[in-house]
Amino acid sequence: MERFVDLKSYNTFGLPVVASYFSLISDTSDMEALIADNVFQESRKLILGGGSNLLFLDDFFDGLVIQPQNKGWEVVDEKGNLVFIKVQAGTDWAAFVDEMVDAGYHGLENLALIPGKVGAAPMQNIGAYGVEIKDCFYELEAFDFQTGKIKKFDKDSCDFGYRSSIFKHNARGRYLINTVTFALKKQANLNTSYGNLEDYFTKKGIKNPDIKELSEAVKDIRRAKLPDPTFIGNAGSFFKNPVIHQLLFDDLLKEFPQIPAFPAGTNTYKIPAAWLIDHAGWKGYRKGDAGVHDKQALVLVNYGNASGREIFALAMKIQLDVKKKYGIHLDPEVNII
Ligand SMILES: Cc1cc2nc3c(=O)[nH]c(=O)nc-3n(C[C@H](O)[C@H](O)[C@H](O)COP(=O)(O)OP(=O)(O)OC[C@H]3O[C@@H](n4cnc5c(N)ncnc54)[C@H](O)[C@@H]3O)c2cc1C
């Protein structure tokens, strides 16, 4: 276990945060030894993947940061068209998706190039381009910090929702996700219906894209749209897209006839948070080194030396302003630590 570790290179906002304890774990015996340690028992704990969905408020994390290091994947079963892939928590998500695409295993190709590690993916049921991991999730194994034992979760017990799961809510902080198993398909219809993708293929003159062409399209669009955290600190979308009731939507339509909306269940609509923030005038806003990206209003950025509190203060200002202008509450997607 290391002491006083700087987490600047471990979080994509690039915030300089010192953690009092830092422990890398590679296997079950590392985890068992850690659980038996006094530091584990007495400290506040944070499980860290790639740090791409975190905002540290302070420059000191008085606790124990645990980072899974177990990597790699294997085929654990095959049934007809299905192939079951078990992947270790410390595996890089984007590299794993590329390997599934190369192997011709379908299901994750729309989730190409999302930063982070596999262990964090179930946490908020990561999603992009019309697909969420719940669509091909089979089960996961997690260390239970309360019992010290490994527990299996099937899809139902993960309680997946839009950018949410039991791990983000009721069971927050209790489990370390150690492996995730996906049920992928050898043959499948590709999901190319998401707006940007259709336009992309039309422009490129591609009629029936294959799995590789689809994942390359997703990557191209993402590279063009999203700031790369290697160059500018950010954690992707800062807020979730709000889901509102029909009555509020009808009211808003009168004042903002151009407001975009997508049906999201009975009498409810999902509104793009980016549109709300943009139309409230925040796109490109900057105060000190904390700002709103000039091409993507949903992404808050650290231009260099912003503090976690400055970024958070900006997020709260936006939240308040959007509430005032549209009566809609924006919920952060990023985990505030
Ligand atoms: C440029 C950019 C684009 C992005 N695009 C998308 C997108 O399209 N769709 C999307 O859904 N997300 C997106 N994200 C957000 C982020 O990439 C995902 O949420 C990702 O899954 C976070 O992985 P991570 O390993 O970095 O998690 P971290 O940021 O390290 O952790 C996130 C949360 O998960 C917990 N956690 C991490 N590992 C484990 C584990 N093994 N067991 C239990 N809990 C754990 C942490 O404690 C924390 O609460 C984007 C982020 C960036 C920077």
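The shown structure was predicted, so the numbers you read here are calculated from the model rather than taken from an experiment.

Colleague: How should I be thinking about the overall build of the protein chain in this particular structure?
Modeller: Secondary structure summary: the protein chain contains 9 helices and 20 strands in total. Relative to the globule expectation of 20 Å for 337 residues, the C-alpha radius of gyration of the protein chain, 21 Å, shows essentially globular dimensions. The principal-axis extent of the C-alpha atoms belonging to the protein chain is close to 60 × 50 × 35 Å. The burial tally for the protein chain puts 49% of its 337 residues in the buried class. In the protein chain, the proportion of contacts linking residues at least 24 apart, taken out of those at least 6 apart, comes to 60%. Taken as a whole, the protein chain presents about 15900 Å² of accessible surface, with 49% of it coming from carbon and sulfur. Counting 39 positive and 43 negative side-chain charges, the protein chain places the averaged centre of each group 4 Å from the other.

Colleague: Got a minute to help me understand the domain arrangement of the protein chain in this structure?
Modeller: Think of interface size as the accessible area that goes away when the parts come together; that is how it is often given. Its domain assignment divides the protein chain into domain 1 (2–68), domain 2 (73–185) and domain 3 (233–336). Taken over C-alpha atoms, the centre of domain 1 sits 30 Å from the centre of domain 3. Contacts between the two partners involve 11 residues from domain 1, matched on the other side by 17 residues from domain 3. Summing both sides of the interface, domain 1 and domain 3 together bury roughly 1200 Å²; the carbon and sulfur share of this comes to 55%. Between domain 1 and domain 3 we count 1 salt bridge in total. A salt bridge links Arg309 to Asp58, with the nearest nitrogen and oxygen atoms 3.0 Å apart. Across the contact surface, domain 1 and domain 3 share 6 residue pairs in polar contact (both at pLDDT 80 or more). Per-class residue counts for the side of domain 1 that touches domain 3 are 6 nonpolar, 4 polar and 1 charged.

Colleague: How do you make sense of the environment of Thr179 when you look at a structure like this?
Modeller: Here Thr179 shows up in strand E12 (residues 175–185). According to the relative accessible area criterion, Thr179 is buried, its value standing at 3%. For the pair Thr179 and Ala142, spaced 37 residues apart in the sequence, the C-alpha separation amounts to 7.0 Å. When neighbours within four sequence positions are excluded, Thr179 is seen to be in contact with Lys86, Val87, Gln88, Ala89, Leu140 and Glu141.

The rules behind each value
Residues numbered from 1 in each chain as written. Predicted model: local features only at pLDDT ≥ 70, side-chain atom pairs only at ≥ 80, totals over all residues. Heavy atoms only, no water. Helix = DSSP H or I, 4+ residues; strand = E, 2+ residues; numbered from the N terminus. Rg over C-alpha atoms; globule rule 2.2 N^0.38 Å. Buried < 20%, exposed > 50% of the residue type's maximum accessible area, 1.4 Å probe, protein only. Contact = heavy atoms within 4.5 Å. Areas by Shrake-Rupley, 256 points an atom, 1.4 Å probe, with all protein chains shown as cover. Lys, Arg positive; Asp, Glu negative; His and termini not counted. Charge placed at Lys NZ, Arg CZ, Asp CG, Glu CD. Domains from an automatic or database assignment. Buried area = accessible area lost by both parts, 1.4 Å probe. Salt bridge = Lys/Arg side-chain N within 4 Å of Asp/Glu carboxyl O. Polar contact = N/O pair within 3.5 Å; in protein donor to acceptor, adjacent residues only side chain to side chain. Nonpolar A, V, L, I, M, F, W, Y, C, P; charged D, E, K, R; others polar.

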